[in-house]
Amino acid sequence: MTTVSMTVNGKKVSADVAPNTLLVQFIRENLRLTGTHVGCDTSQCGACTVHVNGDSVKSCTMLALQAEGAEVKTIEGLAANGELHPMQAAFKENHGLQCGFCTPGMIMSAVDLVKRNPNPSEETIRTELEGNICRCTGYHNIVKSVKSAAENMGG
Amino acid sequence: MYSFDYERPSGVNEAASALGEDDKFLAGGQTLLPTLKLRLSQVDKLVDLGAIGELKGIAKSGSELTIGAMTTHVTVANSGDVKSAIPALGSLAAHIGDAQVRNRGTIGGSIANNDPAADYPAALVALGATVHTNKRSISAEDFFVDLFETALEDDELVTKVSFPIPEKAGYAKFPNPASRFALVGVFVAKTASGVRVAVTGAGPSVFRQSDMEAALGSNFAADAVSGIKTDASGLNSDIHASADYRSHLISVMAARAVTAAG
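Residues numbered from 1 in each chain as written. Chains lettered and ligands numbered in written order. Predicted model: local features only at pLDDT ≥ 70, side-chain atom pairs only at ≥ 80, totals over all residues. Heavy atoms only, no water.

## Some thoughts on the environment of Gly170(B)
Residues and elements named next belong to chain B.
- Within the secondary structure, Gly170 sits in strand 11 (residues 168-175).
- A residue is classified by how much of its surface remains accessible, and Gly170, at 2% relative accessible area, is buried.
- Sequence spacing of Gly170 and Met70 is 100 residues, and the spatial spacing of their C-alpha atoms is 24 Å.
- If we skip the residues at most four places from it in the chain, Gly170 touches Ala88, Val186, Phe187, Val188, Ala257, Ala260 and Ala261. (Helix = DSSP H or I, 4+ residues; strand = E, 2+ residues; numbered from the N terminus. Buried < 20%, exposed > 50% of the residue type's maximum accessible area, 1.4 Å probe, protein only. Contact = heavy atoms within 4.5 Å.)

So, in C-alpha cells, the structure goes:
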C-alpha cells in the first residue's frame, strides 16, 4: 500500500491504496463519489471522465497514484452554492440526456471543451466529444446543450 | 490488473536506475494501462515518468523543433512553435485518439510503444527526426524496428525528439472510426535533402514509400502519387481492412497529404 494525497472538489483527501488502484476506483470506492461512472472500463466510452488539473481525463485509464498532488474535479464538484453549473443547467433545459449514465462524463468533457473552445461550432462540439459515447440520445440534444451552455458561459 | 509496485522518480537517471528486469516505464499510460487491465501484460513495477519536469516541453531553435518525451498530444497540437514550424505535426497530434486521450498521451510513450497504427512514427520517419534517449541519439528510421518493437534497450528511455524543420509537410490518415488509429496514414515532407514519404497503419511497422518519394522529387503534386501502387504483399489484413484495400488507401492518403502540404 502507498499513500496518495490529492485535492478532490476542493477538499484535501489522503488514503493508503494498492498501486494498481485506478483513479476511478479511488473516487468511487474510497471517496464514495459515485457520480463518476464506469461504463466500458476500456478507455472508450468516457463515462468516467473527470478533470485532473483542469483537463478532462478518463479516470479508468489513470492510476490513483498518478494523481498525487493533483486537483481533481468530479461531477459532484461542478455545482456551486446550490446552483447547477451552466453546463448542467443546459443539459437539463435541452433534454441532453435520457438514461443519464453517460451524462456525468459528457458534462465533464463538455466543460473542458468550452474552456478550450469558448464559442464552439456544432462540428467542433461533435469532434471534441468523440471520446464520450451515448447510447440513447443520438447526440442531437447533447450538442444543443453544449452550444447553449457555451453561450450562457459567456463564449 | 495484476498487482505491481510503483515508483515516481523526479529525474531521468533516477528513473533509469529504478527500472528492474520485469518493470516498465509509465508515460501517459493510454496504451499501457489498458494493456495491464486486460492482463495482456504484467509488470513487477511501474516507474512513472510523470514527475520528471525535464522530459516536458517544446523548443524551437533555428532549423530544429524539439519536443520532450512527456509532452502530451494536446500540448503539441496547441503549441505556437509547432504550428509555425511544422503545422502538419500539430494537426497530426490534434487528431490522435480523442480529447481525453490527447490530454494524457505523450509523444515518448507513443513512439516507445511503436503501435503499427500510431500516427507519430510516420511523422518521425518522414521528417527525418532524431530520437534522443538517456544513452544516445537514434535516427527515426533505425528507431522503429518492427511490430511493437523499437531499438530501445531495456533500461533506456526516450528523453526528447528533434525534428529538422521541413520546407513543407502534410499528413493524411484514414482513421478507424472507432479507435481513431490510422487504418492508413501517410506523412509527406519536402526537406532540404529531398522528399520523404512515410506510411503508418498499413504494415507491421512504419515504412518509406520510395517510388512516391522519387515521383514527388521531380513533381511535388497530388497527381504525381495518386497513381503509384504499393505492393500489398506484407501489408496488414484484418477485420477492418484487407491488404489490397490498405494498399489502395496509401495512394489516396499520399495524394491528400501532398495537397495538405500545399
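Once you've had a look at it, read on.
## What to know about unusual backbone geometry
- Phi is positive for Asn81(A), close to 50 degrees, though the residue is something other than glycine.
- Positive phi, close to 70 degrees, is recorded for Arg180(B), a residue that is not glycine.
- You can see Arg180(B) is positioned in the loop between strand 11 and strand 12 (182-191).

## Focus: the layout of surface pockets
- Of the volumes computed, that of the second largest pocket is approximately 550 Å³.
- As for the second largest pocket, its lining consists of 26 residues, and the residues nearest its centre are Asn53(A), Lys56(B), Thr72(B), Asn103(B) and Arg104(B).
- In terms of residues, the lining of the second largest pocket owes the most to one element, helix 3 (residues 73-78) of chain B, which gives three residues.
- When its residues are assigned to classes, the lining of the second largest pocket shows eight nonpolar, eleven polar and seven charged. (1 Å grid on protein atoms, 1.4 Å probe; cavity = no way out; pocket = protein on both sides within 12 Å on 5 of 7 lines; lining within 4 Å. Points joined across faces, edges and corners; volume = space filled by probe spheres on them. Nonpolar A, V, L, I, M, F, W, Y, C, P; charged D, E, K, R; others polar.)

## Here's the deal with helix 3 (residues 103-116) of chain A
All names here are of chain A.
- Here helix 3 is 14 residues long and its end C-alpha atoms lie 20 Å apart, about the 20 Å a rise of 1.5 Å per residue gives.
- Of all the 14 residues making up helix 3, twelve are buried; the element is thus mostly covered by neighbouring parts of the structure.
- Every buried residue belonging to helix 3 is among Thr103, Pro104, Gly105, Met106, Ile107, Met108, Ser109, Ala110, Val111, Asp112, Leu113 and Val114, and all of these are buried. (Expected span 1.5 Å × (residues − 1).)

## Section: the side chain of Ser162(B)
All names here are of chain B.
- You can see Ser162 is positioned in strand 10 (residues 158-164).
- Note on Ser162: relative accessible area 3%, which makes it buried.
- Within polar-contact distance, the side chain of Ser162 engages the side chain of His132 at 2.8 Å.
- If we skip the residues at most four places from it in the chain, Ser162 touches Glu64, Leu65, Thr66, Ala129, Thr130 and His132. (Polar contact = N/O pair within 3.5 Å; in protein donor to acceptor, adjacent residues only side chain to side chain.)

## Some details on the domain arrangement of chain A
All names here are of chain A.
- With domains assigned, chain A is organised as domain 1 (2-77) and domain 2 (86-152).
- A separation of 21 Å is found between the C-alpha centroids of domain 1 and domain 2.
- Summed over both partners, the interface of domain 1 with domain 2 comes to about 1,200 Å²; 57% of that surface belongs to carbon and sulfur atoms.
- The largest share of the area that domain 1 buries against domain 2 comes from His37, His51 and Ile75, three residues that together contribute 38% of it.
- We note a salt bridge from Lys115 to Asp55, for which the minimum N-O separation is 3.4 Å.
- Applying the counting rule to domain 1 against domain 2 returns nine residue pairs in polar contact (both at pLDDT 80 or more).
- Counting only elements with at least two residues in the side of domain 1 that touches domain 2, the list comes to strand 3 (49-52) and strand 4 (55-58). (Domains from an automatic or database assignment. Buried area = accessible area lost by both parts, 1.4 Å probe. Salt bridge = Lys/Arg side-chain N within 4 Å of Asp/Glu carboxyl O.)

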